[in-house]
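Fold and contact review
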Amino acid sequence: MARNILQLSKYSRALLNAQRFYSAEAASAQFPSITTHYTVKPREKDSRWAEVDMERFADEADLLIVGGGPAGFSAAIRAKQIAAEKGQELRVCLVEKASEIGGHILSGACLDPVALNELIPDWKEQEAPLNTPVTHDKFSYLTEGSRLPIPIFPGWPMDNKGNYVVRLGHVVAWLGQQAEALGVEIYPGTAAAEVLFHEDGSVKGIATGDVGIAKNGAPKDTFARGMELHAKTTIFAEGCRGHLSKQLMAKFGLNAENEPQTYGIGLKEVWEIKPENHQPGLVEHTIGWPLDKNTYGGSFLYHLNEPTPLVAVGFVVGLDYVNPYISPFQEFQRFKTHPTVRGVFEGGNRIAYGARALNEGGYQSIPKLTFPGGCLVGCGAGFMNVPRVKGSHYAMKSGMLAAESACEAILSGATQDTVGLEPKDYTDRIKESYCWKDLYKVRNARPSFHNPLGLLGGVAYSGFTLLLGGREPWTLNHGAPDHTRLKPAKEFKPIEYPKPDGKISFDLLSSVALTGTNHEGDQPAHLTLKDDTVPVKNNLTIYDGPEARFCPAGVYEFVPNEEGGNMKLQINAQNCIHCKTCDIKDVTQNINWVVPEGGGGPAYNGM
């Protein structure tokens, strides 16, 4: 369980002055083994696996979709629509790691229905769960004690006229029902753990995860091999920082011509509030306090029209922040105590908590989208409009366009140079769509915050580029990747965050308890380290252990090392809520998130 990270400063200062050499035995005691996952500790070198049957059953589909979010289900639905229009058979399979469709979806979503209108025009008659049309928008700048309203002009990103406040998990569950009715084969609780390749290097499909592996990496008596799913084309719709998408980007060089992706972490709670504080359809956003002028971020507060008076409140912190003592979770809790905010929650009841990483790179960071055997869609490809705080409609549209291109490659019977079919005109379809045009218009808004004036300079430039409609003849750069931005702890003072009051603000562990997180305890940690010595030698010594603060679930904890003295890293993998922040922000990129046994993770239940 997580402890007060501020107590670690005395240990890290001692480590900063330590310049000692150790024998192999002493080094082993000082830096005990942490990672036991087979992606780091190969089974072929482990005698415990020598007699284990590793054969996998394989199945064949025409189109395989990895990920059951807005992008994945939109692709599946569109593919079956096209097959029906052409009068052809098309086997479409979709795998999703959550045990229930929509179970791993987290978003305080204000949904633009433009893509849904195209995909299922009669969605109202089909009882899609879009129950709360936006009635009013508010946008404000917060100081420590006051709120300054910012005007919202028609057509600007913060204008939400025509949009809907939704529980995105419910929308995804409804999309799953539509897909199933069309004949899509859906496999929930089925985590894609490995990309498979043909001999010519094209994507062949995926393998699902093995089960029955002990925490020490040994096979249990219940060990069962995953299965293989092969397809002519595979669409990867994993969401932000998908672990297979990341591998594909590296293998096929998909990032060769784009800037590095930049990210934010979005934390969210759902509250049942007093009826007199509830305004269904109200959408509020803020920037400013409690963040300093050099840290990008802001809040959202959405009032839902549900049987009970519910609001979704969230806080986003850009992961390009430089101060290693920043805790996004603590910043979120502090935000709720603002004198113009806390009144919404007083007398209310917090019923859910969660967190997710968000793509913020936009136009500059979109990778090459296709490769032999498949393509990337949705947030996995980076389709997110940061000024609008929206990406679901782009996810849906990109999934639809990918399906159209994939179906053309599969159903036309045309031959390609590789066995795995590449949806080659998908990129052209994207560039002709509103996804590309919208992202181009706002391409300079997010990187404009990297300026000497910080927040104020970014707001001023964003207003300028919005007035121009993005027609300025230049494109700003994002600069260095997020993980390179942290500066050494010696350049900062630890941040003294207020103690939670248990009414408006809360501690980390009671928050994690509301996520429904469920991981089998006796399995290898799915937060893997390439080098087990780096967290103490580098991260704790130089940066005072930032992973214990940027993780919103208490997964990373530095504790006294009784065998080797000083400190050691303890990974509480059972706490993980699958936000991917550690994979992004770790300063040495030593942490690699892989899918846990059985998919695992939180059950947000459509929050």
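The coordinates are above.
Presented here is an overview of the structure given in this document. (Residues numbered from 1 in each chain as written. Predicted model: local features only at pLDDT ≥ 70, side-chain atom pairs only at ≥ 80, totals over all residues. Heavy atoms only, no water.)

**Topic: the overall build of the protein**
Helix and strand counts for the protein come out as 16 helices and 24 strands. Expected size for 607 residues packed as a compact globule is a radius of gyration near 25 Å; at 24 Å, the protein falls within 12% of this value. The C-alpha extent of the protein, read off along each of the three principal axes, is 70 × 65 × 50 Å. Nonlocal contacts in the protein, meaning residues at least 24 apart in sequence, comprise 78% of its contacts between residues at least 6 apart. In the form shown here, the protein has an accessible surface area of approximately 24800 Å², with 51% of it arising from carbon and sulfur atoms. (Helix = DSSP H or I, 4+ residues; strand = E, 2+ residues; numbered from the N terminus. Rg over C-alpha atoms; globule rule 2.2 N^0.38 Å. Contact = heavy atoms within 4.5 Å. Areas by Shrake-Rupley, 256 points an atom, 1.4 Å probe, with all protein chains shown as cover.)

**Remarks on helix α11 (residues 434–441)**
Every buried residue of α11 is accounted for by Tyr434, Cys435, Trp436 and Leu439. Sitting at the amino-terminal end of α11 is Ser433, which places a side-chain oxygen 3.2 Å from the backbone nitrogen of Cys435. (Buried < 20%, exposed > 50% of the residue type's maximum accessible area, 1.4 Å probe, protein only. Polar contact = N/O pair within 3.5 Å; in protein donor to acceptor, adjacent residues only side chain to side chain.)

**A few points about the packing of helix α9 (residues 392–411) against α11**
Taken N-terminus to C-terminus, the directions of α9 and α11 make an angle of 140°; their axes are 10 Å apart at the nearest point. With respect to their mutual orientation, α9 and α11 come out oblique. Across from His393, Tyr394 and Lys397 in α9, the residues of α11 making contact are Tyr434, Cys435, Asp438 and Leu439. Tallied by class, the residues present in the contact of α9 with α11 amount to 4 nonpolar, 1 polar and 2 charged. (Axes fitted to C-alpha atoms, helices over the stretch in contact; angles between N-to-C directions. Parallel < 35°, antiparallel > 145°, perpendicular 65-115°, else oblique. Nonpolar A, V, L, I, M, F, W, Y, C, P; charged D, E, K, R; others polar.)

**A few points about a nonpolar patch on the surface**
Together, Phe464, Leu468 and Trp474 give the surface a local cluster of nonpolar side chains, amounting to about 260 Å² of exposed area. Note that Trp474 resides in the loop between α12 (455–468) and α13 (508–512). Judged by relative accessible area, Trp474 falls into the partly exposed class, the value being 38%. (Patch = residues over 30% accessible without salt bridge, like charges linked within 9 Å, V, L, I, M, F, W, Y side chains within 5 Å. Salt bridge = Lys/Arg side-chain N within 4 Å of Asp/Glu carboxyl O.)

**Structural notes on the pairing of strand β18 (residues 349–359)**
Walk down a regular strand and you will see the side chains alternate between the two sheet faces. With 8 of its 11 residues buried, β18 lies for the most part within the structure. Here strand β14 (residues 263–272) runs beside β18; their pairing, made up of 10 bridges, is antiparallel. Bridging from a neighbouring strand, Leu267 pairs with Ala355 of β18. (Pairing = 2+ DSSP bridges.)

**So, the nonpolar core**
In terms of nonpolar packing, the biggest core is built from 78 residues, with Leu130, Leu175, Ile235, Phe236, Phe383 and Tyr426 touching the most fellow members. Looking at this core, the element that brings in the most residues is α9, giving 12 residues. Setting aside residues no more than four positions away along its own chain, Phe236 makes contact with Val66, Val195, Val203, Ile206, Leu244, Ser245, Leu248, Phe371, Cys375, Leu376 and Val377. Counting 65 residues, the second largest nonpolar core, distinct from the first, contains Val317, Val344, Ile571 and Tyr604. (Core = buried A, V, L, I, M, F, W, Y, C linked by side-chain atoms within 4.5 Å.)

**Describing the environment of Glu269**
Relative to the elements of secondary structure, Glu269 occurs in strand β14. Judged by relative accessible area, Glu269 falls into the buried class, the value being 0%.

**A word on the pairing of strand β9 (residues 192–197)**
Two elements, β9 and strand β10 (residues 203–208), share 5 bridges in a ladder whose sense is antiparallel. Residue pairing for β10: Leu196 is matched across the bridge by Gly205. In this antiparallel pair of consecutive strands, β9 and β10, the connection spans 5 residues, and Gly201 shows a positive phi of 95°.

**As for the pattern of salt bridges**
Two side chains that carry opposite charge are able to pair once their charged atoms sit near each other. Following the criterion strictly, the structure yields 27 salt bridges and no others. Put simply, Glu404 and Arg429 hold a salt bridge, and the shortest N to O gap is 3.0 Å. You can see Glu404 sitting in helix α9 and its partner Arg429 sitting in helix α10 (residues 426–431), a full 25 residues away along the chain. With relative accessibility at 19%, the residue Glu404 sits in the buried group. By sharing partners, the salt bridges in this structure join Arg78, Glu85, Glu404, Glu408, Asp425 and Arg429 into a single network.

**Section: α12**
Taking 1.5 Å of rise per residue, 14 residues should cover 20 Å, and α12 covers 20 Å from first to last C-alpha, within 8% of that figure. Within the span of α12, buried status applies to Leu455, Gly457, Gly458, Tyr461, Ser462, Gly463 and Thr465. In this fold, the buried residues of α12 make contact with β5 (136–142), β15 (282–288) and α11. Among the residues trailing α12, Gly469 stands out with phi positive, at a value near 70°. (Expected span 1.5 Å × (residues − 1).)

**Quick word on the packing of helix α3 (residues 70–86) against helix α5 (residues 168–181)**
Across the interface, α3 lies against α5 with an axial gap of 9 Å and an inter-helix angle of 20°. It follows that α3 is roughly parallel to α5 by the angle criterion. Of the two elements, α3 crosses α5, and the hand of that crossing is left-handed. Contacts between α3 and α5 involve Pro70, Phe73 and Ile77 from the former and Leu168, Val172, Leu175, Gly176, Gln178 and Ala179 from the latter. Looking at the contact of α3 with α5 residue by residue, the classes come out as 7 nonpolar, 2 polar and no charged. (Left-handed = near helix turned anticlockwise from the far one by under 90°.)

**Digging into the sheet that holds strand β6 (residues 147–149)**
Within the open sheet, the 7 strands sit side by side as β6-β5-β15-β16-β17-β14-β18. Their pairing is mixed. Both outer strands of the open sheet, β6 and β18, are each paired with one neighbouring strand and no more. Sheet twist, expressed as the average angle between the axes of neighbouring strands with direction ignored, equals 20°.

**A short note on unusual backbone geometry**
Backbone torsion omega between Trp289 and Pro290 reads 10°, so that peptide bond is classified as cis. For Pro290, the location among the structural elements is in the loop between β15 and β16 (297–303). Although it is not a glycine, Arg241 sits at a positive phi angle of roughly 55°. Using a relative accessible area of 17% as the deciding quantity, one classes Arg241 as buried. Backbone geometry places Val389, a non-glycine residue, at a positive phi of 55°. Taking relative accessible area as the criterion, Val389 reaches 27% and is therefore assigned partly exposed.

The analysis is restricted to geometry; functional conclusions fall outside its scope.
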